[in-house]
Amino acid sequence: MQQIAVIGAGTMGNGIAHVFAQNGFKVNLVDVSAPSLEKALQTIEKNLDRQLAKESITAEVKARTLQNITTYTDLATGVKTADLVVEAATENIALKLKIFQDLDAYAPPAAILATNTSSISITRIAAATKRAGKVIGMHFMNPVPVMKLVEIINGYATEKTVSRTIVTLSEKLGKVPCVVNDYPGFIANRILMPMINEAIYSLYEGVANVAEIDTVMKLGMAHPMGPLQLADFIGLDVCLSILNVLHDGFGNPKYAPCPLLVNMVTAGYLGAKSGEGFYRYEKGSKDLIVSERFVK
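Residues numbered from 1 in each chain as written. Predicted model: local features only at pLDDT ≥ 70, side-chain atom pairs only at ≥ 80, totals over all residues. Heavy atoms only, no water.

- Looking at an unreviewed UniProt entry, one finds the protein named 3-hydroxybutyryl-CoA dehydrogenase, with Chitinophaga oryziterrae as its source organism.

Now the structure itself:
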């Protein structure tokens, strides 16, 4: 397996392309937006420069990594020679189903089709293709070049040989693969999102303030980042979407999104990417400043 196609040039897509390219794979990075592809290459180069400054890579590795990446705006051209396609588009079921229908038509018949989805059913995505046995979840963590975990999700029809191939491939990337089965939220988000939701409920119900909630979890549970800061980092809209998947999938009220989260997303306060969530984010500042809405 040498030729990889990554669909989507956003935060996850460019990180996945970076990791594959740095480990010697030829990568076709595909996105409908040429400016997004240009921005992705700039991000990858900036992240490589960070590694270079830390002396974790050499200048030769940086150059070779960038040389291994080719960009495309046409999906059919970008995947026509792929051994593996990793889809990293927006967490939207209708969009993913359309992409996988197209991938099934354009990618070689033997190609494995993987999705980086963090919560959407692999089985449902696979059903949009005529190669359900070759469809699998390959859920990388953000930031991809740094985080070691890859959550590998077997759909109902995923072939065992395909699962073993993706486990071996993940190890070649220097990652730690964990294989799970296809149920709402898989493992990472089935456990993480209720914790984040409970932290938001604690704020909503006045049990504690933003800084106190995050400090308790950082100092008391040894979490590197508090749940409210982590929610901002993930994106509150993404958190809401995953909670809705869990709530719909299990029909259990314990997964119901907190009304405060719903209101914040509706109002456009999405966390770091919008400039404000539970904290305020100012360009060039690393200070953690609680949003004025939560300061009493």
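**Overview of the pairing of strand β1 (residues 3-7)**
Item 1. Within β1, 5 of the 5 residues are buried, which leaves the element mostly enclosed by the surrounding structure.
Item 2. On β1, burial covers both faces: Gln3, Ala5 and Ile7 on one face and Ile4 and Val6 on the other are all buried.
Item 3. Where β1 lies against strand β2 (residues 26-30), 5 bridges are found, and the strand directions are parallel. Each bridged residue has a counterpart across the sheet, and for alanine 5 the counterpart in β2 is asparagine 28.
Item 4. For the handedness criterion, the β-α-β arrangement of β1, helix α1 (residues 11-22) and β2 is classed as right-handed.
Item 5. As paired elements, β1 and strand β4 (residues 84-87) share 4 bridges and run parallel to each other. Opposite isoleucine 4, over in β4, you have leucine 84 as the bridge partner. (Buried < 20%, exposed > 50% of the residue type's maximum accessible area, 1.4 Å probe, protein only. Helix = DSSP H or I, 4+ residues; strand = E, 2+ residues; numbered from the N terminus. Pairing = 2+ DSSP bridges. Right-handed = clockwise from strand over helix to strand, strands pointing away.)

**Remarks on the pairing of strand β7 (residues 149-154)**
Item 1. For β7, a buried count of 5 out of 6 residues is recorded, marking the element as mostly surrounded by other parts of the structure.
Item 2. Note: β7 against strand β8 (residues 176-181), 6 bridges, orientation parallel. When the sheet's bridge partners are listed, valine 150 is paired in β8 with proline 177.

**Topic: the sheet that holds β7**
Item 1. On the basis of which strands lie adjacent, the open sheet formed by 8 strands has the order β3-β2-β1-β4-β5-β6-β7-β8 and mixed pairing. Only two strands of the sheet have a single neighbouring strand rather than two, namely β3 (69-72) and β8. The sheet shows a mean angle of 25° between the axes of neighbouring strands, direction not considered.
Item 2. Along the sheet, α1 makes contact with β1, β2, β3, β4 and β6 (135-140), crossing β2 at roughly 165°. (Axes fitted to C-alpha atoms, helices over the stretch in contact; angles between N-to-C directions. Contact = heavy atoms within 4.5 Å.)

**Comments concerning the nonpolar core**
Item 1. One finds Phe20, Leu84, Met138 and Phe140 to be the most contacted residues of the largest nonpolar core, which totals 35 residues.
Item 2. Counting residues per element, this core draws most heavily on α1, at 6 residues.
Item 3. Sequence-distant contacts of leucine 84, that is, excluding residues within four places in its chain, are made with Met1, Gln3, Ile4, Ala5, Phe20, Ile112, Ala114, Met138, Ile166 and Leu169.
Item 4. Listed in part, the 26 residues of the second largest apolar core include Leu203, Cys239, Leu240 and Leu270. (Core = buried A, V, L, I, M, F, W, Y, C linked by side-chain atoms within 4.5 Å.)

**Quick notes on the environment of tyrosine 279**
Item 1. Topologically, tyrosine 279 is positioned in strand β9 (residues 279-280).
Item 2. Relative accessible area serves as the criterion here: at 3%, tyrosine 279 is assigned to the buried category.
Item 3. A sequence separation of 13 residues divides tyrosine 279 from glutamate 292, and the C-alpha atoms of the two residues are 8.3 Å apart.
Item 4. With residues near it in sequence (within four places) discarded, tyrosine 279 still touches Val210, Ala211, Asp214, Leu228, Gln229, Asp232, Leu288, Ile289, Val290 and Ser291.
Item 5. A polar contact is formed between the side chain of tyrosine 279 and the side chain of aspartate 214, at a distance of 2.6 Å. (Polar contact = N/O pair within 3.5 Å; in protein donor to acceptor, adjacent residues only side chain to side chain.)

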